[in-house]
Amino acid sequence: MYILKNMLSFVKNDKMIFLITVLTVFVSAFVMNFSYGIFYNSQQEKKDFEYIPMEIIGKGTDELNKKKLCEYIFSLSDKTDEQIRSFIAYGKIEPFTEPFIFHFRRNGDKFITNETVIENGKKHGILLGGRFMTDEEYSSGAMVALIETDQPRVIMGVPDGDIKDYINEETKRALKDEETVVVDGKEYKIIGYKSIEESPEIPLTTVDDDVKIIGLNIYPHDGLTSTAYKEIVNKATGLIEYDFEMSDSGEIMINNNLILISFFISAIAAINFTVLYKYILIKRKKSLAVFRMCGCSVCKAVVMYIAECILITMPVYILSTCVYEIFVKNIFSNIFEYISQAYNLKVYLFIFFLYIILFIIILMISIVKEVNKPINSMLTGSE
């Protein structure tokens, strides 16, 4: 009862101080949440300068097929895709014993040829005759193929004899005629010959959705940032197992720093409130003295004042946090890339309870000091 009376008295007799106190809590909650997000954002930006290997090798699970592979690659964000130079996928198509190798890169919502493979093919004499596929052929699903041969890579041209004599036996069995090869019941026009002993090279865009994919290699331009790598791994869950794991030591350090920052900001916010509330306690000296003479113990007085402060603080803090989460955070996310990733319910509760605990400890010290003064000094106003 006395707690509510004190609050009403506070509002009625000290409107300006009450408004300043409420504003202090509101701003403190806002600053604590914002500071946490800003620090998290800066740490993530620093961490993203830690580049990881230039090649990421993945093994397909039993669930991975061509359809799921395409959905996975197109689900990667544009920012992650910008860091990727090309992909190599390995597919299993009967009756070929060797896996089919699909070289490609993503271009918006399409797959096109891997220009690096084409450049290296021309440079190192891998193309023994004909031509490579074009981007248009690859993206449109043109039925074209390059035939692999048993002829080793040569730089000075093909030895005497017809290049077709070097086609491996498995591929020969799949030939319909000299210009056509049949793969999985589909006819492909032969447009070139390569000097690597593998299955025919065909566009990934031409194979059926249920074709089994047994592996995926990713080749970045200049390495991947940790954020991009996490997206690649997380979205591949259940489909692809990558052979590289990042250390979580960086995350542990970031979390420790975030706790430390939150502690100091919460302490400062609690001190600000305590300074304002001390003014109210000084104005209540005489009423406190009367309470003490009527048998109110120091402990009861301390609990009464702390309860009053908590009743003022909690709704204002919650309101400020809701305003920040619903309206302000999205505005800042356009400026600070990682700030939205910093928050979840656990984080908000952590900041709130850290603030409340420090708030109670610091406030208790101040209140105990005031309440524990001699009753005579409270009545006369002397120290």
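Calculation notes
Residues numbered from 1 in each chain as written. Predicted model: local features only at pLDDT ≥ 70, side-chain atom pairs only at ≥ 80, totals over all residues. Heavy atoms only, no water. 1 Å grid on protein atoms, 1.4 Å probe; cavity = no way out; pocket = protein on both sides within 12 Å on 5 of 7 lines; lining within 4 Å. Points joined across faces, edges and corners; volume = space filled by probe spheres on them. Nonpolar A, V, L, I, M, F, W, Y, C, P; charged D, E, K, R; others polar. pLDDT = per-residue confidence, 0-100. Helix = DSSP H or I, 4+ residues; strand = E, 2+ residues; numbered from the N terminus. Contact = heavy atoms within 4.5 Å. Axes fitted to C-alpha atoms, helices over the stretch in contact; angles between N-to-C directions. Parallel < 35°, antiparallel > 145°, perpendicular 65-115°, else oblique. Left-handed = near helix turned anticlockwise from the far one by under 90°. Patch = residues over 30% accessible without salt bridge, like charges linked within 9 Å, V, L, I, M, F, W, Y side chains within 5 Å. Areas by Shrake-Rupley, 256 points an atom, 1.4 Å probe, with all protein chains shown as cover. Salt bridge = Lys/Arg side-chain N within 4 Å of Asp/Glu carboxyl O. Core = buried A, V, L, I, M, F, W, Y, C linked by side-chain atoms within 4.5 Å. Buried < 20%, exposed > 50% of the residue type's maximum accessible area, 1.4 Å probe, protein only. Pairing = 2+ DSSP bridges. Phe/Tyr/Trp six-rings, centres within 6.5 Å; stacked < 30°, edge-to-face > 60°.

Engineer: I'd like to hear about empty space enclosed by the protein, residue by residue, with values.
Structural biologist: Counted under the stated rule, the structure contains two cavities of 30 Å³ or more. There is about 80 Å³ of room inside the largest cavity. Along its surface, the largest cavity is lined by His103, Thr113, Asn114, Val117, Ile118, Phe132, Met133, Tyr138, Leu146 and Glu201. Taken as a whole, the second largest cavity encloses approximately 30 Å³ of empty space. As for the second largest cavity, its lining consists of Ile93, Val183, Asp184, Lys186, Tyr188, Ile202, Thr206, Val207, Asp208 and Val211. Here the residues of the lining of the second largest cavity sort into six nonpolar, one polar and three charged.

Engineer: Please give an account of the confidence of the model for the protein that cites residues and values.
Structural biologist: When the pLDDT values of the protein are averaged, the result is 84; 87% of them are 70 or greater. Of all secondary-structure elements in the protein, the lowest mean pLDDT belongs to helix H13 (residues 375-380), at 68, while helix H3 (residues 66-75) reaches the highest, 97.

Engineer: Tell me about the environment of glutamate 179, and please be specific about residues and values.
Structural biologist: Considering the arrangement of structural elements, one finds glutamate 179 in the loop between strand E7 (175-177) and strand E8 (180-183). Taking the C-alpha atoms as reference points, glutamate 179 and isoleucine 191, 12 residues apart in sequence, are found 8.0 Å from one another. When sequence neighbours within four positions are dropped, the list of residues in contact with glutamate 179 reads Tyr188, Lys189 and Ile190.

Engineer: For the packing of helix H11 (residues 298-333) against helix H12 (residues 345-371), give the residues involved together with the corresponding values.
Structural biologist: The interhelical angle for the contact between H11 and H12, taken along N-to-C directions, is 150 degrees, at an axis separation of 10 Å. As judged from the angle between their axes, H11 and H12 are roughly antiparallel. With respect to the hand of their crossing, H11 and H12 are arranged in right-handed fashion.

Engineer: An account of a nonpolar patch on the surface is requested, with residue identities and associated values reported.
Structural biologist: A cluster of nonpolar side chains, namely Leu345, Leu349, Phe353, Ile357, Ile361 and Ile365, defines an oily patch on the protein surface of about 620 Å² accessible area. Tracing the backbone through its elements, the reader meets leucine 349 in helix H12.

Engineer: Quick one: what's the story with the pattern of salt bridges, residue by residue and with numbers?
Structural biologist: Under the criterion given, the structure shown has 16 salt bridges. Where lysine 329 meets glutamate 325, a salt bridge forms, and the shortest distance between an N and an O atom there is 3.1 Å. Remark: glutamate 325 and lysine 329 occur in helix H11; sequence separation between them is four residues, near one turn of the helix. Salt bridges linked by common partners bring Asp78, Asp81 and Arg106 together as one network.

Engineer: Residues and numbers for the nonpolar core, please.
Structural biologist: In terms of nonpolar packing, the biggest core is built from 48 residues, with Tyr72, Phe102, Phe104, Leu216, Ile218 and Tyr242 touching the most fellow members. The residues contacting isoleucine 218, other than those within four sequence positions of it, are Met54, Glu55, Ile56, Tyr72, Ile84, Ser86, Phe87, Ile232 and Tyr242. Judged by nonpolar contacts, the second largest core, of 45 residues, contains Ala29, Tyr277, Ile356 and Ile367.

Engineer: Describe the pairing of strand E1 (residues 56-60), with residues and values.
Structural biologist: Taking every second residue as pointing to the same face, the buried face of E1 carries Ile56, Gly58 and Gly60, while none of Ile57 and Lys59 on the other face is buried. Judged from the three bridges that link them, E1 and strand E11 (residues 240-242) form a sheet pairing that is antiparallel. Paired with glycine 58 across the bridge in E11 is tyrosine 242.

Engineer: Give a description of the packing of aromatic side chains that names residues and reports values.
Structural biologist: The geometry of two aromatic rings is summed up by the distance between their centres and the angle between their planes. The final tally for this structure, using the stated rule, is 20 aromatic pairs. Ring geometry for phenylalanine 34 and phenylalanine 336: centres 6.4 Å apart, planes at 65 degrees, overall edge-to-face. Of this pair, phenylalanine 34 sits in helix H2 (residues 15-47) while phenylalanine 336 sits in the loop between H11 and H12, placing them 302 residues apart in sequence. By relative accessible area, which is 22% here, phenylalanine 34 ends up partly exposed. For phenylalanine 336, a relative accessible area of 23% puts it in the partly exposed group. Look at phenylalanine 352 and phenylalanine 353: their rings are 5.3 Å apart centre to centre, the planes differ by 65 degrees, and that puts the pair in the edge-to-face class. The buried category is assigned to phenylalanine 352, whose relative accessible area is 11%. Using a relative accessible area of 48% as the deciding quantity, one classes phenylalanine 353 as partly exposed. Taken together, the ring pairs in this structure connect Phe30, Phe34, Tyr36, Tyr324, Phe332, Phe336, Tyr343 and Tyr348 into an aromatic cluster.

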